[in-house]
Amino acid sequence: MSEPKPIKSWVKLLEAGKKATKHQQSEESVQYPLRRSFRPAAPDIAKASLKRDFEVGLVYYVGDDIEQDRALCGLERRPPTAHTFKDALEKKRILLEKAGITTKLGFDKKKGVFEY
Amino acid sequence: MANSISQTANSGGHKKYGYFLGCVMPAKMPWAEKATLMISKHLGLDFEEMKETLCCVRPGVWKAINTDWWLTLTSQNLANAEKQGIVLVDSCNGCWISHYETLKELTEEPAKLEMVNRNLSSIGMHFSGDLKVKHFLEVLYEDVGLKKIRSNVVRPLDGFRIMRHIGCHARKHGDKLPGYFDEILRATGVEIIDTPYDKTCCGLLLYFSDPHTSIFDRIGAKMSTAKELDIDAYAIICSGCYDQFERAVKVLKDERGISFDTPIVHFSELLAIAFGYKPDDFGMKYCRPIPTTKFIEKLASKEGKK
């Protein structure tokens, strides 16, 4: 049975996760073959959405096109979420840091990448 | 235990509901957001979008990574809702399960509540557990009642055949929510067509690890069945499930050339139409992967025959 044709949007999501990762274990294992591999705190496939969550406070951005769609439906252009209330996002970022989550996840918030 | 604690502030009297939008609804389902607000006000509820919300946070991701992190991050939303003095209402099953289970765990395990409050103190917040979390279906069925819902139906949707997908998380704590979903849908007059795929998962989380099964064997099978049965609409309530329906429909069309024409509609849209609102009142025709044109035309044709 032949391999099913890859799903492009899934591959794109995986690539985005890999791009947001500083050290690739697959590459390092060639350089350091005796080093034992480990399970990163977050899988590559989930990293892009986690990164967005850290940057926006929610999984999806609200840009001009979405604002327009919301207005067409009779809603405020921007939802009353952390997209609008930046203070809520700032609190979340502090919480992520103080609770040790960003450190344990190996997330460098300045560069926006995961260590592994 | 969770209920006895949560009832202290919100029991009896006037209830102010705060609708938790989550991540998907405000970005991808504005028609559902508008329709939900419209029908809630129509039914006399003090119902508004909850302010300052963040991701719920997604139990399928965060709970799997670290339970304490999931409890901590979810608690920011819960503490915020407690401060706003609202009943927190979710229609996304993922958000509901995150809020419901976190509240349950924190009220049953004082050590967890202490841990969470230690973390929340770093942002000047505190959560005491004095909060009620409700699924939108519970609000409609238990607080409004089927009798009142039925009495507000002025444009019965008889002649409309639908398939429905309530989503796995709504089944996790018993059969109550699926029962409410069906009964309220039937109150609009639609005919629910049962199929073998009604209880299968949308595949949202499966997409991470097995995209083929998630796309083809979950949504692909559901949408193919809807096509074969010439269904008028696929009714959903969960925003997480909608996200997956939308993703799968786009993948099937753009990457495999498989098109479907059964629109995926939110439960609240059907109620809004049954209550007499026009599709344009909540933007039913906008920003959807499958146009609602056929559905709206059938509605107009039914009106014209009267």
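Per-chain numbering applies: the sequence of each chain, read as written, is numbered from 1 onward. Here the convention is simple: chains get letters from A, ligands get numbers from 1, in the order in which they are written. Given that the model is predicted, a residue must reach a pLDDT of at least 70 before its local features are reported, and side-chain atom pairs must reach 80 or more before they are shown or counted; all residues, however, enter totals for whole chains, interfaces and linings. With hydrogens and water excluded, all non-hydrogen atoms of the structure serve as input to the side-chain values.

Per an unreviewed UniProt entry, chain B goes by the name Fe-S cluster protein and belongs to Candidatus Methanomethylicus mesodigestus.

Moving on, we come to the overall build of chain B. Across its full length, chain B holds 15 helices and eight strands. Computation of the radius of gyration draws on C-alpha atoms, with the globule rule given as 2.2 Å multiplied by the number of residues to the power 0.38. A globule of 306 residues ought to have a C-alpha radius of gyration of about 19 Å, and chain B, at 20 Å, matches this closely. Relative accessibility under 20% of the residue-type maximum defines a buried residue, over 50% an exposed one, and the middle range a partly exposed one, all with a 1.4 Å probe and only protein chains included. Counting across all 306 residues of chain B, residues that qualify as buried make up 60%. It only takes one pair of heavy atoms within 4.5 Å for two residues to be counted as in contact. The long-range share in chain B, meaning contacts at least 24 apart out of those at least 6 apart in sequence, stands at 80%. Element-wise, carbon and sulfur atoms account for 50% of the exposed surface of chain B, whose accessible area totals about 11300 Å². His is not counted here, nor are the chain ends, while Lys and Arg score as positive and Asp and Glu score as negative. To locate a charge, the coordinates of NZ of Lys, CZ of Arg, CG of Asp or CD of Glu are taken. For chain B, the distance from the average position of its 40 positive side-chain charges to the average position of its 39 negative side-chain charges is 3 Å. We count a stretch as a helix when DSSP gives it H or I for four or more residues in a row; a strand needs E for two or more, and each element gets its number in order from the N terminus. Residue burial considers only the protein chains on display, and all accessible areas are found by Shrake-Rupley using a 1.4 Å probe.

Once that is clear, we can look at the overall build of chain A. When helices and strands are counted, chain A shows six helices and two strands. Taking 2.2 N^0.38 as the reference for a compact globule, 116 residues should give roughly 13 Å; the C-alpha atoms of chain A span a radius of gyration of 18 Å, well beyond that estimate. In chain A, of all internal contacts separated by at least 6 residues, the share reaching a separation of at least 24 is 56%. In the form shown here, chain A has an accessible surface area of approximately 7200 Å², with 54% of it arising from carbon and sulfur atoms. For chain A, the distance from the average position of its 24 positive side-chain charges to the average position of its 17 negative side-chain charges is 4 Å.

Turning our eyes to something else, we now look at the state of the cysteines. Any pair of cysteine sulfurs within 2.5 Å is marked as a disulfide. A complete count under the given rule lists zero disulfides over all chains for this structure. Considering cysteine sulfurs only, C55 of chain B is the nearest to C23 of chain B, which forms no disulfide, with 3.7 Å between them.

Turning our eyes to something else, we now look at the interface of chain B and chain A. When the parts come together, some accessible area is lost, and that loss is often what is quoted as the size of the interface. Listed as interface residues are 49 residues of chain B and, on the opposing side, 45 residues of chain A. Throughout, buried area stands for the accessible area (probe radius 1.4 Å) lost by two parts on being put together, summed over both. Carbon and sulfur atoms make up 69% of the surface buried where chain B meets chain A, a total of about 4100 Å² over both sides. Interface area lost by chain B to chain A is led by W69, F208 and E255 of chain B, which between them contribute 15%. When a carboxyl oxygen of Asp or Glu is within 4 Å of a side-chain nitrogen of Lys or Arg, the pair counts as a salt bridge. Our enumeration of links across chain B and chain A arrives at one salt bridge. Across the pair R70 of chain A and E33 of chain B runs a salt bridge, and its minimum N-O distance is 2.8 Å. Two N or O atoms count as a polar contact when they lie within 3.5 Å, although within protein this holds only if one can serve as hydrogen donor and the other as acceptor, and sequence-adjacent residues are included solely when both atoms are side-chain atoms. Applying the counting rule to chain B against chain A returns 17 residue pairs in polar contact (both at pLDDT 80 or more).

Quick look at the sheet that holds strand β6 (residues 191–192) of chain B now. Residues and elements named next belong to chain B. The rule for pairing is simple: two strands pair if DSSP sees at least two bridges between them. The strand order across the open sheet built from four strands is β6-β5-β7-β8, with neighbouring strands paired in parallel fashion. Looking at strand neighbours, the two that pair on one side only are β6 and β8 (264–266), the edges of this open sheet. For strand β5 (residues 161–165) and β6, the ladder comprises two bridges, and the chain directions are parallel. Across the sheet, residue R161 finds its bridge partner in β6, namely E191. Only C-alpha atoms enter the line fits that serve as axes; for helices the fit covers just the stretch in contact. Angles between N-to-C directions range over 0 to 180 degrees. Its contacts with the sheet put helix α14 (residues 267–274) on β5, β7 (233–236) and β8, and the angle it makes with β8 is roughly 70°.

Here the focus is the UniProt feature "domain: Cysteine-rich" (unreviewed entry) in chain B. In the numbering used here, UniProt assigns the feature "domain: Cysteine-rich" (unreviewed entry) to residues 18–95 and 165–245 of chain B. Helix and strand shares over residues 165–245 of chain B are 51% and 9% respectively, and the end C-alpha atoms of the span are 10 Å apart. UniProt positions are given in the numbering used here, feature names are shortened, and annotations may be inferred rather than shown by experiment.

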